[in-house]
There are 2 protein chains.
Amino acid sequence: MSKYWSKLAAGLEPYVPGEQPKDRKYIKLNTNENPYPPSPKVIDAIKAAVDENLKLYPDPNGVALKMTLANYYGLNQEQVFVGNGSDEVLAFSFMAFFDPNNPILFPDITYSFYPVYAKVFKIDYELVPLNDDFTIPIDKLLKDNGGVIIPNPNAPTGSFLTLEFIEEILSHNKEKVVIVDEAYVDFGGVSALTLIDKYPNLLVIQTLSKSRSLAGLRVGFAMGHEDLIKGLDTIKNSINSYTLDRLALIGAVEAIKDDEYFQDKKNRIISTREKATGQLSKMGFKIVPSKANFVFISHPTVKAEDLFIWLKEKSILVRYFRQPRIDNYLRVSIGSDEEMDTFIKALGSIIT
Amino acid sequence: MSKYWSKLAAGLEPYVPGEQPKDRKYIKLNTNENPYPPSPKVIDAIKAAVDENLKLYPDPNGVALKMTLANYYGLNQEQVFVGNGSDEVLAFSFMAFFDPNNPILFPDITYSFYPVYAKVFKIDYELVPLNDDFTIPIDKLLKDNGGVIIPNPNAPTGSFLTLEFIEEILSHNKEKVVIVDEAYVDFGGVSALTLIDKYPNLLVIQTLSKSRSLAGLRVGFAMGHEDLIKGLDTIKNSINSYTLDRLALIGAVEAIKDDEYFQDKKNRIISTREKATGQLSKMGFKIVPSKANFVFISHPTVKAEDLFIWLKEKSILVRYFRQPRIDNYLRVSIGSDEEMDTFIKALGSIIT
């Protein structure tokens with residue numbers, strides 16, 4: 001800190017992303033990246049676009065991408081917002097829809113960026129404690145609030161809420177915006193998208209980082225009533241007119257269009273997850289039922305932190321959160337079958 | 001607007017970037033893009049990087065790019081911040097260094113994004129009226145303030161301040177941050193970079209969009225004392241861990257490394273500017289002396305707005321600001337020699 005920092009900066013504790021050590025080659029099961037490469041059509045389209053037009057600004061409105069997403073999800077383009085990863089879309093959403101002094105609600109165990117957004121944009125919040133099995137106590141989300149944000153599936157637990165549950169929150173909360181953060185929905189969940197026309201207070205946020213294998217390209221998007229999308233555009237255009245570069249816009253369009261590739265890869269990840277779940281279960285792990293591309297696991301006799309350190313020594317990275325209630329859990333991203341075999345085998349040599 | 005918008009969103013008037021009409025082919029002299037393509041080495045490096053690694057997150061700290069910039073500018077990497085265009089870097093700077101209720105100072109005629117940042121981050125500001133010749137009245141920047149932001153060269157005028165002037169502001173203002181926005185400095189100005197070690201309150205912001213022909217890639221950067229850089233990182237990491245995608249990071253490194261290409265192209269733009277300035281002067285235009293890749297011009301008998309409309313009909317886009325004091329001026333980006341010849345010829349047929 002320094003005397004030149006604003007009061008805001010001085011009061012912040014930034015989000016810390018998963019580590020990316022470069023000292024040797026790791027099996028990376030710690031940042032929920034996709035083990036499969038992006039579609040070859042994405043690669044080809046981006047390569048073809050690397051030309052002299054990089055001297056020109058991108059389309060500030062990302063219309064081609066908005067139209068592609070609208071077409072794919074059965075919306076119109078005024079119902080779609082695009083941004084630099086779902087993190088940026090989430091940040092803009094906090095600014096666009098939530099007010100100071102009117103606490104928003106989110107689970108106590110969830111994406112650890114939410115409290116950071118709340119602090120940087122000075123939004124009060126109230127944590128809703130999850131049940132002991134990490135399910136969400138619905139009644140506690142029905143109280144008065146300044147807005148709700150729920151990830152579905154939740155992170156880092158992988159738990160999935162049914163649409164009936166989401167709809168109950170929406171219908172009890174018609175005066176405030178409910179954000180459903182669906183970063184992981186493609187791995188077996190059901191999107192709340194179908195509720196958009198019925199609930200003008202619903203904003204669904206997704207990303208191309210996980211299910212479309214494009215964490216390196218930074219593309220996220222939001223879908224909802226066009227009034228909500230206009231609010232997001234107002235914030236974006238007050239901060240940075242061009243958040244998505246020309247190559248990201250082009251790659252994202254192709255990633256959405258190549259549905260066959262997407263379906264194939266996400267089905268493989270689901271099947272690897274189910275196989276790994278069975279194996280981990282046999283080893284005595286408690287596993288939160290997951291609809292995401294990761295599993296949240298805990299062992300009755302070996303401490304999570306010890307496993308984390310030990311796996312890292314074996315060049316396998318998983319995510320460990322030194323946080324109340326979950327400090328005996330590991331979040332393990334689903335890699336390829338080969339990566340998961342190596343991971344399970346490594347565990348097998350420490351857990352007997 | 002809608003009942004779901006925050007009070008913040010409801011009170012904003014977003015920045016409006018220069019138009020990008022697609023109905024026909026235009027000579028684009030309206031958004032200060034570079035008429036020359038990026039270095040072939042940039043193109044080659046990006047193409048080579050379009051591969052399966054796009055599935056992985058980029059380096060959140062952009063260390064390779066920070067090191068390249070530090071090396072080029074004779075700094076250490078802790079003195080460099082990188083972001084998604086200088087617009088994002090500016091936005092984060094407002095958050096990191098300026099407080100509400102302590103008005104910052106900037107010129108009344110300047111980059112029109114500054115008042116937008118001030119509003120979105122609730123920073124009070126006071127406009128310093130430029131002199132009639134669009135020079136900055138230095139005494140008015142020496143009063144008590146919560147910070148100062150000055151573009152050098154200024155936009156949309158192109159006027160350049162000497163380093164003595166900048167240093168006077170810095171030394172009168174040691175308790176607050178002074179941001180020098182050098183988006184256009186490469187076209188004949190002198191950077192305040194040399195003052196960084198002497199003034200820990202100085203932040204210099206630059207971009208690859210103009211002089212490195214990479215508007216489409218979205219890369220900006222800031223240089224200053226490492227305490228200021230840490231402040232910017234704190235804000236960035238509270239909003240979006242990965243603002244620069246893998247391809248932007250790689251292209252930016254090559255753009256800085258290929259200094260020969262950069263020098264050649266910016267010298268051509270400077271020489272085209274000087275030639276165009278002479279021609280416009282002969283046609284009776286008043287031209288603000290410019291050290292940028294644009295000129296700010298006014299004609300004694302033909303109205304700027306009429307010229308703007310008439311040029312657009314001839315498929316030539318320039319920038320017209322419907323704003324007090326400058327509503328009889330046009331900002332004309334410096335294109336290639338051929339583009340400027342077409343522009344001058346078109347003007348010649350209306351101005352006799």
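Model, not experiment: these values are computed from the prediction.

The rules behind each value
Residues numbered from 1 in each chain as written. Chains lettered and ligands numbered in written order. Predicted model: local features only at pLDDT ≥ 70, side-chain atom pairs only at ≥ 80, totals over all residues. Heavy atoms only, no water. Helix = DSSP H or I, 4+ residues; strand = E, 2+ residues; numbered from the N terminus. Buried < 20%, exposed > 50% of the residue type's maximum accessible area, 1.4 Å probe, protein only. Lys, Arg positive; Asp, Glu negative; His and termini not counted. Salt bridge = Lys/Arg side-chain N within 4 Å of Asp/Glu carboxyl O. Polar contact = N/O pair within 3.5 Å; in protein donor to acceptor, adjacent residues only side chain to side chain. Contact = heavy atoms within 4.5 Å. Buried area = accessible area lost by both parts, 1.4 Å probe. Nonpolar A, V, L, I, M, F, W, Y, C, P; charged D, E, K, R; others polar. Expected span 1.5 Å × (residues − 1). Pairing = 2+ DSSP bridges. Axes fitted to C-alpha atoms, helices over the stretch in contact; angles between N-to-C directions.

> Is there a simple way to think about unusual backbone geometry in this case?
In most cases, non-glycine residues show a negative phi, while peptide bonds are predominantly trans. Looking along the chain, the bond that leaves Asn 152 of chain A and enters Pro 153 of chain A is cis, with omega of -5 degrees. Mapped onto the elements of the fold, Pro 153 of chain A is located in the loop between strand S5 (148–151) and helix H6 (163–171). For the peptide bond that leads from Ala 155 of chain A to Pro 156 of chain A, omega is 5 degrees, which places it in the cis range. Summarising the element assignment, Pro 156 of chain A is placed in the loop between S5 and H6. In the Ramachandran plot, Arg 325 of chain A falls in the positive-phi region, its phi being about 75 degrees despite a non-glycine side chain. Within the fold, Arg 325 of chain A resides in the loop between strand S12 (319–320) and strand S13 (330–333). One non-glycine residue with positive phi stands out, namely Asn 32 of chain B, at about 55 degrees. Relative to the helices and strands, Asn 32 of chain B resides in the loop between strand S1 (27–29) and helix H2 (40–49). You can call Asn 32 of chain B buried: its relative accessible area is 0%.

> Honestly, the side chain of Arg 218 of chain A in this entry has me stumped. Any pointers?
Take Arg 218 of chain A: it is sitting in the loop between strand S7 (202–207) and strand S8 (220–224). Within the buried set, Arg 218 of chain A has no salt-bridge partner at all; the shortest N-O distance to an opposite charge, 4.6 Å, is to Asp 87 of chain A. Among the polar contacts made by the side chain of Arg 218 of chain A, one reaches the main-chain carbonyl oxygen of Ala 215 of chain A at a distance of 3.4 Å. Polar contacts involving the side chain of Arg 218 of chain A include one to the main-chain carbonyl oxygen of Tyr 242 of chain B, which spans 2.7 Å.

> Is there a simple way to think about the interface of chain B and chain A in this case?
A common way to report how large an interface is uses the accessible area buried once the components associate. Contact with chain B, which involves 80 residues of that partner, is made by 80 residues of chain A. Interface area, chain B with chain A, both sides summed: about 6600 Å², of which 59% is carbon and sulfur. Where chain B meets chain A, there are two salt bridges. Two residues, Glu 175 of chain A and Lys 3 of chain B, come together in a salt bridge whose shortest N-O distance is 3.2 Å. Taken together, chain B and chain A are joined by 37 residue pairs in polar contact (both at pLDDT 80 or more). Counting only elements with at least two residues in the side of chain B that touches chain A, the list comes to helix H1 (7–10), H2, helix H4 (85–97), helix H5 (114–120), helix H7 (226–236) and helix H8 (246–257) of chain B. Residue composition of the side of chain B that touches chain A, grouped by class: 43 nonpolar, 17 polar and 20 charged.

> Honestly, helix H9 (residues 259–282) of chain B in this entry has me stumped. Any pointers?
For the α-helix, the turn length of 3.6 residues means that residues three or four positions removed from each other point alike. Residues and elements named next belong to chain B. Its 24 residues give H9 an end-to-end C-alpha distance of 35 Å, which sits within 8% of 34 Å, the value for a rise of 1.5 Å per residue. Taken together, the buried positions of H9 are Tyr 261, Phe 262, Lys 265, Lys 266, Ile 269, Ile 270, Thr 272, Arg 273, Ala 276 and Leu 280. Looking at the packing, one finds that the buried side of H9 touches H2, helix H3 (63–73), strand S9 (286–287), strand S10 (294–298) and helix H11 (337–348). Gly 284 sits one or two positions beyond H9 and adopts a positive phi of about 95 degrees.

> How should I be thinking about the sheet that holds S12 of chain A in this particular structure?
Strand pairs in the sheet, formed through backbone hydrogen bonds, run parallel or antiparallel to each other. All names here are of chain A. The strand order S9-S10-S13-S12 describes an open sheet built from four strands, whose pairing is antiparallel. This sheet does not close on itself; its edge strands, each paired only once, are strand S9 (286–287) and S12. With four bridges connecting them, strand S10 (residues 294–298) and S13 associate as antiparallel partners. Of the residues in S13, the one forming a bridge with Val 295 is Val 332. In the packing of helix H9 (residues 259–282) onto the sheet, contacts are made with S9 and S10, and the angle to S10 comes to roughly 10 degrees.

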